[in-house]
Amino acid sequence: MSEPEPKRKGLFGRLFGGKAQEPEAPAEPAGPQSGAMEHAETQDADTASRDVISPPAAADAEPPEHVPEQITPSLAPAESSQPQPKTTWFQRLKAGLGKTSSKLTDGITGLFTKRKLDASTLEELEDLLIQSDLGIAMASRITDAIGKGRFEKGISPDEVRAILATEVEKVLAPIAKPLTVDGTHRPHVIMMVGVNGTGKTTTIGKLAAKFRTEGKSVMMAAGDTFRAAAIDQLKVWGERTGTPVVASAVGADSSGLAFEALKRAQAANADVLLLDTAGRLQNKQALMEELEKMTRVLKKIDPSAPHDVVLVLDATTGQNALQQVDVFGKRAGVTGLVMTKLDGTARGGILVAIGEKFKLPVHAVGVGEGVDDLQPFAAADFARAIAG
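Residues numbered from 1 in each chain as written. Predicted model: local features only at pLDDT ≥ 70, side-chain atom pairs only at ≥ 80, totals over all residues. Heavy atoms only, no water.

## Some details on helix H9 (residues 200-213)
Over its 14 residues, H9 extends 20 Å from the first C-alpha to the last, a length consistent with the 20 Å expected when each residue adds 1.5 Å. H9 sits mainly inside the fold: 12 of its 14 residues count as buried. Taken as a whole, H9 has its buried residues at Lys-200, Thr-201, Thr-202, Thr-203, Ile-204, Gly-205, Lys-206, Leu-207, Ala-208, Ala-209, Lys-210 and Phe-211. The positive-phi residue at the C-terminal boundary of H9 is Gly-215, with phi of around 95°. (Helix = DSSP H or I, 4+ residues; strand = E, 2+ residues; numbered from the N terminus. Expected span 1.5 Å × (residues − 1). Buried < 20%, exposed > 50% of the residue type's maximum accessible area, 1.4 Å probe, protein only.)

## A word on unusual backbone geometry
Between Arg-186 and Pro-187 the backbone carries a cis peptide bond, its omega angle lying at 0°. Relative to the elements of secondary structure, Pro-187 occurs in the loop between helix H8 (157-172) and strand S2 (188-193). Unusually for a residue other than glycine, Asn-269 sits at a positive phi of about 55°. Following the sequence through the fold, Asn-269 ends up in the loop between helix H11 (254-267) and strand S5 (272-275). By relative accessible area, Asn-269 is classed as partly exposed at 44%.

## Considering the environment of Ser-255
As for its position among the elements, Ser-255 is in helix H11. For Ser-255 and Thr-225, which are 30 residues apart along the polypeptide, the C-alpha to C-alpha distance reads 9.9 Å.

## A few points about the packing of helix H6 (residues 119-131) against helix H7 (residues 136-147)
Packing of H6 against H7 leaves a shortest axis separation of 9 Å and a crossing angle of 145°. Where H6 crosses over H7, the handedness of that crossing is right-handed. Every residue of H7 that contacts H6 at Leu-122, Leu-125, Glu-126, Leu-129 and Ile-130 is listed here: Ile-136, Ala-139, Ser-140, Ile-142, Thr-143, Ile-146 and Gly-147. For the contact of H6 with H7, the per-class residue count stands at eight nonpolar, three polar and one charged. (Axes fitted to C-alpha atoms, helices over the stretch in contact; angles between N-to-C directions. Left-handed = near helix turned anticlockwise from the far one by under 90°. Contact = heavy atoms within 4.5 Å. Nonpolar A, V, L, I, M, F, W, Y, C, P; charged D, E, K, R; others polar.)

## Focus: the pattern of salt bridges
On inspection of all chains with the given rule, the structure shows 15 salt bridges. A salt bridge links Glu-167 to Lys-170, with the shortest nitrogen-to-oxygen separation between them at 3.3 Å. Residue Glu-167 and its partner Lys-170 are both found in helix H8; the two are separated by three residues, about one turn of the helix. A residue is classified by how much of its surface remains accessible, and Lys-170, at 47% relative accessible area, is partly exposed. Lys-293 is the salt-bridge partner of Asp-253, the closest N and O atoms lying 3.6 Å from each other. Of this pair, Asp-253 sits in the loop between strand S4 (245-247) and H11 while Lys-293 sits in helix H12 (residues 285-301), and the two are 40 residues apart along the sequence. Accessibility expressed as a relative area gives 5% for Lys-293, which makes it buried. Through salt bridges with shared partners, a single ionic network connects Arg-92, Asp-372 and Asp-373. (Salt bridge = Lys/Arg side-chain N within 4 Å of Asp/Glu carboxyl O.)

## Quick notes on the side chain of Ser-254
Looking at the element boundaries, Ser-254 is found in helix H11. The exposure class assigned to Ser-254 is buried, which follows from its relative accessible area of 4%. Those residues in contact with Ser-254 that sit more than four places away from it in its chain are Gly-223, Thr-225, Glu-290 and Met-294.

## Some remarks on H11
When the terminal C-alpha atoms of H11 are compared, their 20 Å separation across 14 residues agrees well with the 20 Å that a helix rising 1.5 Å per residue should span. The element H11 is extensively covered by neighbouring structure, given that 11 of its 14 residues are classed as buried. Burial in H11 covers these residues: Ser-254, Ser-255, Gly-256, Leu-257, Ala-258, Phe-259, Glu-260, Ala-261, Leu-262, Arg-264 and Ala-265. Two residues or fewer after H11 comes Asn-269, characterised by a positive phi angle close to 55°.

## Focus on the nonpolar core
Counting 81 residues, the largest nonpolar core has Leu-93, Leu-125, Ile-146, Leu-164, Leu-172, Leu-337 and Phe-382 as the members making the most contacts within it. When residues in this core are grouped by element, the largest group, seven residues, is from H8. Apart from residues no more than four positions distant in its own chain, Leu-164 is found in contact with Leu-104, Ile-108, Leu-129, Leu-134, Ile-142 and Ala-387. The next biggest cluster of nonpolar side chains, apart from the first, holds 25 residues, and it includes Met-192, Leu-234, Ala-364 and Val-371. (Core = buried A, V, L, I, M, F, W, Y, C linked by side-chain atoms within 4.5 Å.)

## Some words on the pairing of strand S6 (residues 308-314)
Taking burial as the measure, the seven residues of S6 include seven buried ones, the bulk of the element. Note: S2 against S6, four bridges, orientation parallel. The residue of S6 that forms the bridge with Met-192 is Val-310. Note: S6 against strand S7 (residues 336-340), five bridges, orientation parallel. Across the sheet, the residue bridging to Val-312 is Val-338, located in S7. Handedness of the β-α-β unit built from S6, helix H13 (residues 320-332) and S7 comes out right-handed. (Pairing = 2+ DSSP bridges. Right-handed = clockwise from strand over helix to strand, strands pointing away.)

Here it is, written out as structure tokens:
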């Protein structure tokens, strides 16, 4: 639809004002371990909290076995990878939204080529928009804008796509907000939540790299204590970004680890604490209660924590993402969103439906495994890319 934009600054330039070598991201684990999710029922909230928040042992005492370890990485730079063909961020985003964009472009061309605009055409367009995951409310909004003053007149497919892009941008522009740390809280606690396999751990590693590039001191906590792979993956990110990682044994109490991590981040005067959590289905009551418990434990140390609760969404999920936002928003107090895996198979229209319904800030979108593949969310770029 349009010429590729000249290469724009990556997240380092746009969000953090800096530029640094980007570490190669480790691959996301192949899938969740289902057995780990069916763990014992959560203990009574108050009793359990007391069990995990007992004061740490004195410095000269022998630490108990269950005390989380802290991995302090070397600051050696990551090995450089072979040069890749350069593409702009917009080209990568457009490729990631290719499935949705192609469906819309082909459908619009078929509907509006040499055909007058009438009620039947608008109804077919509305069906196309709904099938593309934009949602009923958004589909109605777009068809109303296209039909206004144009009945029984010709309208070209390009004009329809231009109106589509404009309406999508109107919805998304007010919620396109980067994830920022302003120094009001120290540490600024960012808790990452979501279902299995959305890319939470990888996203934490990328955020750590970006905050480090800005010169902030960062600590990460491996709160997904159910999966050894998640703990190991976060340690790898710690080594590559020069970020300490607070970790515990597989199966340890995640609330206790969150408590210990916040205490250590305070002692180290860290700017940011990035807290990973285990993936959990939004319809699992016991697991959602455990997430609430982690929040309560953090508040015993800092009543304002966590300062951001970021829900990571998989762009290939489609309509189920709406339910995830609803449930996690009510149970975990979600404050913002990151959408990952916009890789060409994505159903990116769902982000428009989520934005129209929930009005939650969208901090970033990811199109690949590299650090630079996670970028601040830009409404205009997204709208142009999805309209084709």
